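Geometric and topological summary
Single-letter residue listing:
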Amino acid sequence: MDLRIFTEPQQGATYDTLLAVAKATEDLGFDAFFRSDHYLPMGSADGLPGPTDAWITLAGLARETKRIRLGTLMTAGTFRLPGVLAIQVAQVDQMSGGRVELGLGAGWFEEEHKAYGIPFPKEKFARLEEQLAIVTGLWATEPGKTFSHHGTYYDLTDSPALPKPAQAKVPVLIGGHGTVRTPRLAAQYADEFNMPFASIEDSERQFGRVRAVAEQAGRKGEDITYSNALVACVGKDDAEVARRAAAIGREVDELKANGLAGTPDEVVDKIGRYAAIGSRRIYLQILDLDDLDHLELVSARVQSQLA
């Protein structure tokens with residue numbers, strides 16, 4: 001089971017804070033540092049000092065880390081033209097020496113689009129399908145050849161399809177709860193399928209749908225890595241769990257029901273139940289980015305048991 005650190009910087013974080021978390025992620029032996037792609041805070045957070053851009057952040061971290069994988073859960077398809085996104089991700093992959101992964105979703109948070117003048121189209125999922133075809137198509141085009149795409153939403157003519165990522169294939173992550181279109185898109189494009197903030201039962205059902213559609217499309221269901229993203233709140237005892245829950249404005253019982261909360265042994269047990277239904281990777285949503293002791297505890301007492 002891989003453990004990855006997943007951050008939500010729109011809730012309030014500077015680049016320096018994210019750098020400290022990324023370096024701790026690397027030093028403590030976690031597999032990867034991922035971040036969300038949002039421009040407005042959610043809930044009661046003030047978001048100060050303001051948003052940081054996902055791919056600018058990852059470009060900086062690409063040069064300041066050496067081992068960990070870097071990526072997004074999920075890049076909002078509404079934020080970037082697919083041709084531009086293909087260039088951005090390929091460049092960051094080169095800057096990192098081939099450690100980037102692209103999580104790409106349709107985009108959903110209308111308020112942040114209004115706040116920053118970003119168009120919020122009605123047909124987001126159909127656009128996402130074209131975006132995936134374009135981004136992966138540009139990367140797969142052989143050097144010296146050109147790429148064209150004439151779709152409903154995007155039109156590319158004789159693109160040189162440059163630059164190329166450092167990796168032969170940048171892993172693509174697709175995720176979500178949709179029961180029909182999401183599994184179909186994952187079967188076609190995903191190297192990894194992620195279930196965000198879902199129960200063991202819902203995850204098992206969705207993983208099964210993705211496997212079935214992948215196999216119908218001629219892929220082996222197990223060629224796709226299945227993963228979960230879950231909020232983490234771990235303490236060495238009940239008092240520390242309660243303190244960490246209060247720091248992020250959540251209730252312990254709710255966190256235990258819907259996330260990975262409790263003592264290290266409790267969390268290891270619950271991760272084991274996700275592993276039993278096929279999850280091979282957990283993204284630990286860390287909401288208090290100043291609490292690096294939290295990461296140290298998870299590394300020493302949770303990750304060590306999983307290893």
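First things first, this report covers the structure right here in the doc. (Residues numbered from 1 in each chain as written. Predicted model: local features only at pLDDT ≥ 70, side-chain atom pairs only at ≥ 80, totals over all residues. Heavy atoms only, no water.)

This brings us to unusual backbone geometry. Trans is the prevailing form of peptide bonds, just as negative phi is the prevailing case for residues other than glycine. The omega angle of the peptide bond from leucine 48 to proline 49 is 10 degrees, so this bond is cis rather than trans. In this fold, proline 49 is placed in the loop between strand 2 (32–35) and helix 2 (54–64). The step from leucine 73 to methionine 74 runs through a cis peptide bond, and the omega angle for that step is -20 degrees. In this structure, methionine 74 sits in the loop between strand 3 (69–72) and strand 4 (75–76). Non-glycine residue alanine 161 carries a positive phi angle of around 60 degrees. Here alanine 161 falls in the buried class, since its relative accessible area comes to 3%. Positive phi, normally seen in glycine, also occurs at phenylalanine 197, with a value near 55 degrees. Along the chain, the position of phenylalanine 197 falls in the loop between strand 9 (192–196) and helix 7 (200–216). (Helix = DSSP H or I, 4+ residues; strand = E, 2+ residues; numbered from the N terminus. Buried < 20%, exposed > 50% of the residue type's maximum accessible area, 1.4 Å probe, protein only.)

Ranked by size, the top nonpolar core spans 72 residues in total, and within it Phe33, Trp55 and Leu284 carry the most contacts. When residues in this core are grouped by element, the largest group, 7 residues, is from helix 5 (residues 124–140). With near-sequence residues (within four places) excluded, phenylalanine 33 lies in contact with Ile5, Thr7, Leu18, Val21, Ala22, Thr25, Leu58, Leu61, Ile68, Arg69, Leu70 and Gly71. Counting residues in each nonpolar core, the second largest holds 7 residues, with Phe6, Ala32, Phe34 and Ala229 among its members. (Core = buried A, V, L, I, M, F, W, Y, C linked by side-chain atoms within 4.5 Å. Contact = heavy atoms within 4.5 Å.)

With that settled, the discussion passes to the packing of aromatic side chains. Going through the model one piece at a time under the given rule, you end up with 6 aromatic pairs. Taking 5.0 Å as the distance between ring centres and 70 degrees as the angle between the ring planes, the aromatic pair formed by phenylalanine 34 and tyrosine 283 counts as edge-to-face. A residue pair is termed long-range when its members are at least 10 positions apart, and phenylalanine 34 in strand 2 and tyrosine 283 in strand 12 (residues 281–286) qualify at 249 residues. For phenylalanine 34, a relative accessible area of 0% gives the class buried. Ring pairing ties together the aromatic residues Tyr39, Phe79 and Tyr116, which thus form one cluster. Seen from the ring of tyrosine 226, arginine 211 lies directly overhead, with NZ or CZ sitting 4.4 Å from the centre. (Phe/Tyr/Trp six-rings, centres within 6.5 Å; stacked < 30°, edge-to-face > 60°. Lys NZ or Arg CZ within 6 Å of the ring centre and 35° of its normal.)

For the rest of this paragraph, the subject is the side chain of serine 227. The topology assignment puts serine 227 in strand 10 (residues 225–234). A relative accessible area of 0% means that serine 227 is categorised as buried. Here the side chain of serine 227 touches asparagine 194 through a polar contact of 2.9 Å, side chain to side chain. Look past the residues within four positions of serine 227 in its chain and what remains in contact with it is Glu192, Phe193, Asn194, Met195, Phe207, Ser279, Arg281 and Tyr283. (Polar contact = N/O pair within 3.5 Å; in protein donor to acceptor, adjacent residues only side chain to side chain.)

An α-helix turns once per 3.6 residues; consequently, residues spaced three or four apart project the same way. Within the span of helix 6 (residues 181–189), buried status applies to Thr182, Pro183, Leu185, Ala186, Ala187 and Tyr189. Those residues of helix 6 hidden inside the fold are in contact with helix 5, strand 8 (172–175), strand 9 and helix 7.

Time to look at the pairing of strand 7 (residues 155–159). As paired elements, strand 6 (residues 147–150) and strand 7 share 3 bridges and run antiparallel to each other. Looking across to strand 7, one finds that histidine 149 is bridged to leucine 156. The loop that links strand 6 with its antiparallel partner strand 7 comprises 4 residues. (Pairing = 2+ DSSP bridges.)

With that settled, the discussion passes to the side chain of glutamate 26. Relative to the assigned elements, glutamate 26 resides in helix 1 (residues 15–27). Buried and without a salt bridge, glutamate 26 has arginine 99 as its closest oppositely charged side chain, separated by 4.6 Å. Within the structure, the side chain of glutamate 26 is placed 3.0 Å from the backbone nitrogen of lysine 66, a separation counted as a polar contact. Not counting residues within four places of it along the chain, the set of residues in contact with glutamate 26 comprises Thr65, Lys66, Arg67 and Ile68. (Lys, Arg positive; Asp, Glu negative; His and termini not counted. Salt bridge = Lys/Arg side-chain N within 4 Å of Asp/Glu carboxyl O.)

The next point concerns the pattern of salt bridges. Considering all chains together, one arrives at 20 salt bridges under this definition. Lysine 145 is the salt-bridge partner of glutamate 142, the closest N and O atoms lying 3.5 Å from each other. According to the relative accessible area criterion, lysine 145 is partly exposed, its value standing at 48%. Between arginine 250 and glutamate 254 there is a salt bridge, with its nearest N and O atoms 2.9 Å apart. Residue classification places arginine 250 among the partly exposed positions, given a relative accessible area of 27%. The exposure class assigned to glutamate 254 is partly exposed, which follows from its relative accessible area of 27%. Sharing partners across several salt bridges, the network here consists of Lys236, Glu240, Arg243, Arg244 and Asp291.

Looking now at the packing of helix 2 against helix 3 (residues 82–96). The contact between helix 2 and helix 3 brings their axes to 8 Å, and the two run at 15 degrees. For the element pair helix 2 / helix 3, the angle class is roughly parallel. Crossing of helix 2 over helix 3 shows left-handed handedness. Facing helix 2, whose interface residues are Trp55, Leu58, Ala59, Ala62 and Arg63, helix 3 presents Leu85, Val89, Val92, Met95 and Ser96. (Axes fitted to C-alpha atoms, helices over the stretch in contact; angles between N-to-C directions. Parallel < 35°, antiparallel > 145°, perpendicular 65-115°, else oblique. Left-handed = near helix turned anticlockwise from the far one by under 90°.)

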